[in-house]
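Here is how the chains run, residue by residue.
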Amino acid sequence: MNSTFKTDVAIIGGGPGGAASAIFLAEKGLKSIIIEKEAFPRFHIGESMTGECGNLVRRLGLSEAMDQVPRTIKPGVIVYGKSGKNTFHIPVMRRNEAGELEQSFTWQVRRGEFDKMLLDKAQENGASILRGKAVKVLTDETGTPCGVQVRQEDGQLTDVLAEVLIDASGPATFLHTEGFTSERERGKYDRQIAIYTHVKGATRDEEDHTRIFYEMRNHWAWFIPIDEETVSIGVVTPSDYYRDSKEDLREFFLREIHKINPQLSLRVPDVSLVEEVRATSNYSYHIRNFTGKGFLCVGDSHRFIDPIFSFGLHFALTEGKMAADAIANYLLNGVGRDVENPFAEYERYCELGMDTIQDVLDCFWDQPTPFAFMVHSRYVDDFIDLFAGRVYQEDPSPGLQAIRKVNAKLREKLQPQH
Ligand SMILES: Cc1cc2nc3c(=O)[nH]c(=O)nc-3n(C[C@H](O)[C@H](O)[C@H](O)COP(=O)(O)OP(=O)(O)OC[C@H]3O[C@@H](n4cnc5c(N)ncnc54)[C@H](O)[C@@H]3O)c2cc1C
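The numbers attached to residues start from 1 for each chain and follow its sequence in the written order. Local features in this predicted model are restricted to residues of pLDDT 70 or higher, and side-chain atom pairs are both shown and tallied only at a pLDDT of 80 or more, whereas totals for entire chains, interfaces and linings draw on every residue. Computation of side-chain values covers all heavy atoms of the structure but excludes hydrogens and water.

Trainee: It is not clear to me how the pairing of strand β15 (residues 210–216) should be interpreted in this structure. Could you clarify?
Mentor: For a regular strand, the rule is simple: side chains alternate between the two faces of the sheet. In terms of burial, β15 is largely enclosed, as six of its seven residues are buried. The rule for pairing is simple: two strands pair if DSSP sees at least two bridges between them. Strands are runs of DSSP state E lasting at least 2 residues, helices are runs of H or I lasting at least 4, and numbering of each runs from the N terminus. Of the strand pairs in this sheet, strand β4 (residues 76–80) and β15 are connected by four bridges, and their pairing is parallel. Bridge pairing in β15 links I78 to R211. In this sheet, strand β16 (residues 219–225) lies alongside β15 in antiparallel orientation, the contact comprising five bridges. When the bridges of β16 are listed, R211 appears paired with F223. Between β15 and the antiparallel strand that follows it, β16, lie two residues; N218 among them carries a positive phi value of about 60 degrees. Residue burial is assigned from relative accessible area. The probe radius is 1.4 Å, only protein chains are included, and a residue is buried under 20% of its type maximum, exposed over 50%, and partly exposed in between.

Quick look at the structure:
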């Protein structure tokens, strides 16, 4: 017979989205079980945080713990245009209580250790961790999710019964594969491949900014210092371009980092690779209807747009917090008990933030020149806010409105004339 556990919330995935959800649920007095199939620490790409993501890490009480994991201080992001020209810089700044911008910083981290730190914190605060793979959603007589079945390493099946299911399974998109959400639509930045590793021996600058090197549309590289010696470097190109090269990942990576942009070549005269060269392709997707009675999705389990401006961790942590608020309102205050989807407002708010970033990225890729002008001349403060992750704008800032205007004009121009 299967063993059975009961809890308030079952969380599939112990990455940043799942761990943050558990920590914020514990603050509300709610119990959770996190189901995670991998042993931590495990390698994960995605090391650069936005300013607001850093603030959430502080809010979780982890500022001091950040000194114990491999990390660097990130004062901002620098984007180098084609051939190293038209560079722009966006500093990390926060809004103080008076609403004014003031200098701040965030972090760049090695994800293996960072993710483990978050998961340990969740456990310390009372969440249980169940090592195993979620394999099936359990439903009640009305078809509403009421738990999840887990296959543990020894093959044993365990049922975790819960009032609410959080899918934080990342790109595995568990609830989608189980048929509880809409289709997985290809994102606009699909058909791309990111090829990356960690290196030692790179030439470092005085300050450890996240640096982005532009070669041409959808062809770029990142340079993210993650500790005193190590830098994460990744090359992103259309998948066809990589396939046509007929090179293996390592050959391709080593050639491209010397070719993409002179500002990157300068920093990698002689580097040694300290991790295998890995690749992720087709990472851009959008799943709608990702909430319903008994379930909701957090982070990459419902949408990922494009890695260029480092919003993945930000969304995973922010949505973890918003999910905990929505679930606490539902379970403790009965909010949404009488409606078909108690988490509809959570879903709307998640999409509001992600749609903002979709618009920012579309403008950056489709119209780099007006974008650069708006960033460093016309709407400096608004762009500082957007890059920091202040993206849930019910009342869009003039900078965001300008982005949308520029995007709309281009769409109009590209529309077939009748
Ligand atoms: C090329 C690339 C570069 C990136 N760079 C950045 C960056 O610089 N900054 C940034 O903020 N973001 C970046 N990201 C995105 C970022 O890494 C992710 O958005 C972030 O990890 C999302 O967190 P998550 O918790 O939603 O998912 P994940 O971190 O993927 O965690 C999901 C967890 O669920 C577990 N899991 C999955 N299925 C099951 C199952 N059935 N049962 C049990 N466990 C399961 C997995 O083992 C995993 O641990 C990048 C992404 C890509 C593709």
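Trainee: Would you mind going over the packing of helix α10 (residues 368–378) against helix α11 (residues 380–388) with me for this structure?
Mentor: Angle between the axes and distance between the axes are the two parameters that describe a pair of packed helices. Interaxial angles span 0 to 180 degrees and are taken between N-to-C directions of axes, which are lines fitted to C-alpha atoms, for helices over the stretch in contact. Running from N to C, α10 and α11 cross one another at 110 degrees; their axes reach a closest spacing of 6 Å. Relative to α11, the element α10 is oriented roughly perpendicular. Where α10 approaches α11, its residues F371, M374, V375, H376, S377 and R378 are matched on the opposing element by V380, F383 and F387. For the contact of α10 with α11, a count of residues per class yields six nonpolar, two polar and one charged. Between 65 and 115 degrees an angle is taken as roughly perpendicular, under 35 as roughly parallel, over 145 as roughly antiparallel, and anywhere else as oblique. Residues are treated as being in contact if the distance between any of their heavy atoms lies within 4.5 Å. Under the scheme applied, nonpolar residues are Ala, Val, Leu, Ile, Met, Phe, Trp, Tyr, Cys and Pro; charged residues are Asp, Glu, Lys and Arg; polar residues are all the others, including Gly.

Trainee: What is the right way to look at the pattern of salt bridges in this model?
Mentor: Pairing is possible between side chains that carry opposite charge, provided their charged atoms lie close to one another. We count a salt bridge whenever a side-chain nitrogen from Lys or Arg sits within 4 Å of a carboxyl oxygen from Asp or Glu. Under the definition given, this model contains 36 salt bridges. For K37, the salt bridge goes to E38, with nearest N and O atoms at 3.5 Å. For K37, a relative accessible area of 47% puts it in the partly exposed group. What makes E38 partly exposed here is its relative accessible area of 36%. A salt bridge links R390 to E52; its shortest N-O distance comes to 2.6 Å. With R390 in the loop between α11 and α12 (398–414) and E52 in helix α2 (residues 51–59), the pair connects residues that are 338 residues apart, well separated along the chain. One connected set of salt bridges, linked through shared partners, spans E215, E247, R255, E256 and K259.

Trainee: Which parts of the structure should I look at to understand the side chain of H176?
Mentor: Secondary-structure assignment places H176 in helix α4 (residues 174–177). On the accessibility criterion, H176 (18% relative accessible area) is buried. Leaving out residues up to four positions away in the same chain, H176 has contacts with T181, S182, E183, R184 and I287.

Trainee: Which parts of the structure should I look at to understand the site of the ligand?
Mentor: Near the ligand lie 36 residues; those nearest to it are E36, S48, R111, D300 and L313. G312 is positioned with one of its backbone polar atoms (N or O) 3.4 Å from an oxygen atom of the ligand. If the ligand stood free it would expose 1000 Å²; the protein chains cover 95% of that surface. Those elements that provide at least two residues to the shell around the ligand are α1 (16–27), β2 (32–36), β10 (133–139), β16 and α8 (312–333). Residue contributions to the shell around the ligand peak at three residues, all from α8. Grouping the amino acids of the shell around the ligand by side-chain chemistry returns 16 nonpolar, twelve polar and eight charged. The near set for a molecule or strand comprises every residue that places at least one heavy atom within 4 Å of it. Between N or O atoms, a polar contact is any pair within 3.5 Å; within protein, one atom must be a potential hydrogen donor and the other a potential acceptor, and residues adjacent in sequence are included only when both atoms are from side chains. Residue burial considers only the protein chains on display, and all accessible areas are found by Shrake-Rupley using a 1.4 Å probe.

Keep in mind these values describe shape, not function.
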